[in-house]
Amino acid sequence: MNRRDCLRLALRQARGTLLRSALSVLSVAVGVWSMLLIVCTVQFGRAQVREGLDALGLSGLTVYLEKSGGGVVFSAGQAEALEQGLPVVSHAMAIKAGSGQFRTGHEQGAAVFFGVDEKMGEVMRLELLHGSLFRARQVACAERVAVIDNTLARRLFRRENVVGKELRLAVDGNEQVYEIVGVISSQASLVNGLAGTFIPDMIYLPYSCLADAGEPADQIFVQCMAAADLDAAGQQVEHFLKERQQIGGEIAVRNLSGALDTADEIVGLVTLAFFAIAAIAFLIAMIGVCSSLLAAADERKPDIGVFLAIGAKPRDVLRIFLYQAMVLCLIGGLVGSALGGGMLWLLARRVPALAGIALGQAAVLFPAVAVAGGTVCGLLPALRASRLDPVDMM
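What this report covers is the structure whose coordinates are included nearby. Computed from a predicted model, the values in this text were never measured in an experiment. (Residues numbered from 1 in each chain as written. Predicted model: local features only at pLDDT ≥ 70, side-chain atom pairs only at ≥ 80, totals over all residues. Heavy atoms only, no water.)

It is worth spelling out a nonpolar patch on the surface at this point. Taken together, the side chains of L19, L23, L26 and V30 make up a nonpolar region of the molecular surface, amounting to roughly 410 Å² of accessible area. Within the secondary structure layout, L23 lies in helix 2 (residues 18-55). (Patch = residues over 30% accessible without salt bridge, like charges linked within 9 Å, V, L, I, M, F, W, Y side chains within 5 Å. Areas by Shrake-Rupley, 256 points an atom, 1.4 Å probe, with all protein chains shown as cover. Salt bridge = Lys/Arg side-chain N within 4 Å of Asp/Glu carboxyl O. Helix = DSSP H or I, 4+ residues; strand = E, 2+ residues; numbered from the N terminus.)

If you want it as structure tokens, here you go:
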């Protein structure tokens, strides 16, 4: 008996138990649908987390005091000393943080202010969209200028390019007018999306607007040479500040790039966990198909006995049951992929970032995975049916 005849008999057998076949198709469709949604959602979430971490602009080393003590003040002067005194350091910048309020027109809200200098573009990975970052003259003269991100710009002024617009900022309780000189890509879109209005906006100001050069700094961001070992560079920075600069207190040096890698590893573990959940959903669907075919083999024992008695070979019975499992899983995989792809397409119309998910590849991959799974799960019922004794069955 050729393969075409086996396939025709498999389809006829599936039609003979239409309700059971429909339930098998439905179980596979639900399994593939859930697997597609879980996998695509995890891919989207991982891409968003990675994008959010990268957008924060953090890399290299950060240096801060865990405990203050006697000695030289940990200030902006140490950033310049690190840059000039250590060959492994390419750029260093002191950071001074503060909180306050912003106001323009009818809009107002809480903000976190970061005092930075003209090296912010070299030390932090920032995407400048409009205008410019701070210049040395603006930092030296404590000019009232600010850099904001495009999310805040759109919320306050309904557009991104707001260079030249003014903001009223309350810094240390003293409200002053600041001119916006630059707009950068949003750095906290992921965090703001998760936490809503609980996360204040970030606004960059010249360091001298928040602190004098001799006042204590909150942190120093350090960018090292391209080929430098960041862990070894961190030890050099700590030794330099303690021994040569005589900084008092306990100095902490953290590898920001390593922290981002650790966060990415955690996201990877969460991804694997969700993939496992998707695999379990698919496995349950395959078990349903296997149970359905086992029941069909038991019910059709007389027919199988007649079929073998008139000259059919055991491999023909094997093919019929395998083809039936493959056809049911293929139909279920196509239905599940269509349902999942349609739902993701509708969601992508409301969340444009979902459009980046490779739905075309998934639509081809998951039906193929369903057919492969059906082949494996249909093997046991097929072997059991092919090994029946025709005399006993009749």
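Having seen the model, we can carry on.
Right, let's get into the environment of E118. Inspection of the secondary structure puts E118 in the loop between strand 3 (107-116) and helix 4 (120-123). Note on E118: relative accessible area 33%, which makes it partly exposed. Measuring from C-alpha to C-alpha, the distance between E118 and F134 comes to 5.0 Å, with 16 residues separating the pair along the chain. (Buried < 20%, exposed > 50% of the residue type's maximum accessible area, 1.4 Å probe, protein only.)

Before going further, it helps to examine the pattern of salt bridges. Proximity of charged atoms lets side chains of opposite charge pair with each other. Under the criterion given, the structure shown has 10 salt bridges. E143 is paired through a salt bridge with R137; the nearest N and O atoms lie 2.3 Å apart. Residue class for E143 comes out partly exposed when judged on its relative accessible area of 24%. Judged by relative accessible area, which is 48%, R137 ranks as partly exposed. Here E160 ties to R154 by a salt bridge, and the two come within 2.5 Å at their closest N and O atoms. For R154, a relative accessible area of 38% corresponds to the partly exposed category. Connected via shared salt-bridge partners are E83, D117 and K119.

Distances and angles like these do not, on their own, reveal function.
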